[in-house]
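# Geometric and topological summary
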Amino acid sequence: EGAVRQRDINYPAYMQGIDYGTGVTYIVGHNPPDSDTVCTAIAYANLKRELGINAEARIAAHPNAETAYALRYFGVREPLVLENASGQNIILVDHNSFAQAVKGMESANILEVLDHHNMIGDIKTATPIYYRNMPIGCTATIVWLEYIEANVPIKRDMAGMMLSAILSDTDNLQSSTTTDLDRQAVYNLEEKAGIKDRNSYFLAMEEEFAAYKDMSDKDIFYSDYKEFMINGISYG
Ligand code: MN
Ligand code: MN
């Protein structure tokens, strides 16, 4: 008896009160997707599976060119599109409102939310859920932290996913939202991902994004368009 140490903490116990059922739990981010939304869903689904939970990453729509580059670079398959979330077991990443979610989310069974945004959400649940929102630069930083808390080793491809998400959201650690935790995650993940020159990797991501290849003006306009519902008024 005595002091409880971090290594004595049982990570799966965080979620012990959640009934994931026997079917698949889909992990999905906002619409339209960005790199945090896609790469974090992939890395979190991998962590869940390592812990014996039947989870799969899904996307709200096809990823942008920057995310597609990261997927190619690390040899990770693009997740399938989730057309309708109604009736499904769902974990939301990188958003907390129905306005930005996949269609049918109002009648989904939301089990968890991992996010780093202000809480504009209208999400209500029938049972207690695992809700982790941190005021940091990227959702992937939370997932990185959870790999450590869960004591699950991070393989190269998953390190690459989380690294790409954090670089994208924090503008290569330059954005005002960047915290020490994001920096710590990036320094750890770039090594695990085998990225020796982070700046040139980030530049390549940026160039893919800014090339707007095969995109119409409308596609470009809506590529990072988010919807908000505040006091019954819808904003974009
Ligand atoms: Mn996002
Ligand atoms: Mn984000």
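Please refer to the structure higher up on the page.
Everything numeric here is computed off the predicted structure, so don't read it as measured data.

Calculation rules
Residues numbered from 1 in each chain as written. Chains lettered and ligands numbered in written order. Predicted model: local features only at pLDDT ≥ 70, side-chain atom pairs only at ≥ 80, totals over all residues. Heavy atoms only, no water. Axes fitted to C-alpha atoms, helices over the stretch in contact; angles between N-to-C directions. Helix = DSSP H or I, 4+ residues; strand = E, 2+ residues; numbered from the N terminus. Parallel < 35°, antiparallel > 145°, perpendicular 65-115°, else oblique. Left-handed = near helix turned anticlockwise from the far one by under 90°. Contact = heavy atoms within 4.5 Å. Nonpolar A, V, L, I, M, F, W, Y, C, P; charged D, E, K, R; others polar. Core = buried A, V, L, I, M, F, W, Y, C linked by side-chain atoms within 4.5 Å. Buried < 20%, exposed > 50% of the residue type's maximum accessible area, 1.4 Å probe, protein only. 1 Å grid on protein atoms, 1.4 Å probe; cavity = no way out; pocket = protein on both sides within 12 Å on 5 of 7 lines; lining within 4 Å. Points joined across faces, edges and corners; volume = space filled by probe spheres on them. Donors = N, O, S within 2.8 Å, 3.2 Å for Na, K, Ca; no water. Patch = residues over 30% accessible without salt bridge, like charges linked within 9 Å, V, L, I, M, F, W, Y side chains within 5 Å. Areas by Shrake-Rupley, 256 points an atom, 1.4 Å probe, with all protein chains shown as cover. Salt bridge = Lys/Arg side-chain N within 4 Å of Asp/Glu carboxyl O.

### Comments concerning the packing of helix α1 (residues 35-50) against helix α3 (residues 139-150)
Two numbers describe how α1 lies on α3: the axes approach to 9 Å, and their chain directions differ by 15°. Taken together, the axes of α1 and α3 are roughly parallel relative to one another. Handedness of the crossing formed by α1 with α3: left-handed. From α1, Asp 36, Thr 40, Ala 43, Tyr 44, Asn 46 and Leu 47 reach across to α3, where they touch Thr 139, Ala 140, Val 143, Glu 146, Tyr 147 and Ala 150. Partitioned by chemical class, the residues of the contact of α1 with α3 number seven nonpolar, three polar and two charged.

### Brief notes about the nonpolar core
Where a protein is soluble and globular, its nonpolar side chains tend to be buried together. In terms of nonpolar packing, the biggest core is built from 57 residues, with Tyr 44, Tyr 147, Met 162 and Leu 189 touching the most fellow members. Counting residues in each nonpolar core, the second largest holds 14 residues, with Tyr 26, Val 28, Ala 60 and Ile 110 among its members.

### Remarks on the layout of surface pockets
Estimates place the volume of the largest pocket at around 310 Å³. The set of elements that each furnish at least two residues to the lining of the largest pocket consists of α1, β2 (55-59) and α4 (156-170). Within the lining of the largest pocket, the residues separate by chemical class into seven nonpolar, one polar and six charged.

### Thoughts on the coordination of the manganese ion (ligand 2)
In this structure, Asp 36 (OD), Asp 94 (OD), His 116 (NE2) and Asp 169 (OD) serve as the protein donors to the manganese ion (ligand 2), at separations of 2.1 to 2.2 Å. As a motif over one chain, the donors of the manganese ion (ligand 2) read D-x57-D-x21-H-x52-D. Between the two metal centres, the manganese ion (ligand 2) and the manganese ion (ligand 1), the spacing is 3.6 Å, with Asp 94 acting as a shared donor. Here Asp 169 lies in helix α4 and His 116 lies in the loop between β5 (109-115) and β6 (130-133), a separation of 53 residues in the sequence.

### Brief notes about a nonpolar patch on the surface
There is a patch of nonpolar side chains on the surface, built from Val 4, Ile 9 and Tyr 14 and spanning about 280 Å² of accessible area. For Tyr 14, the position within the fold is in the segment before β1 (25-28). Look at Tyr 14 and you get partly exposed, because its relative accessible area is 33%.

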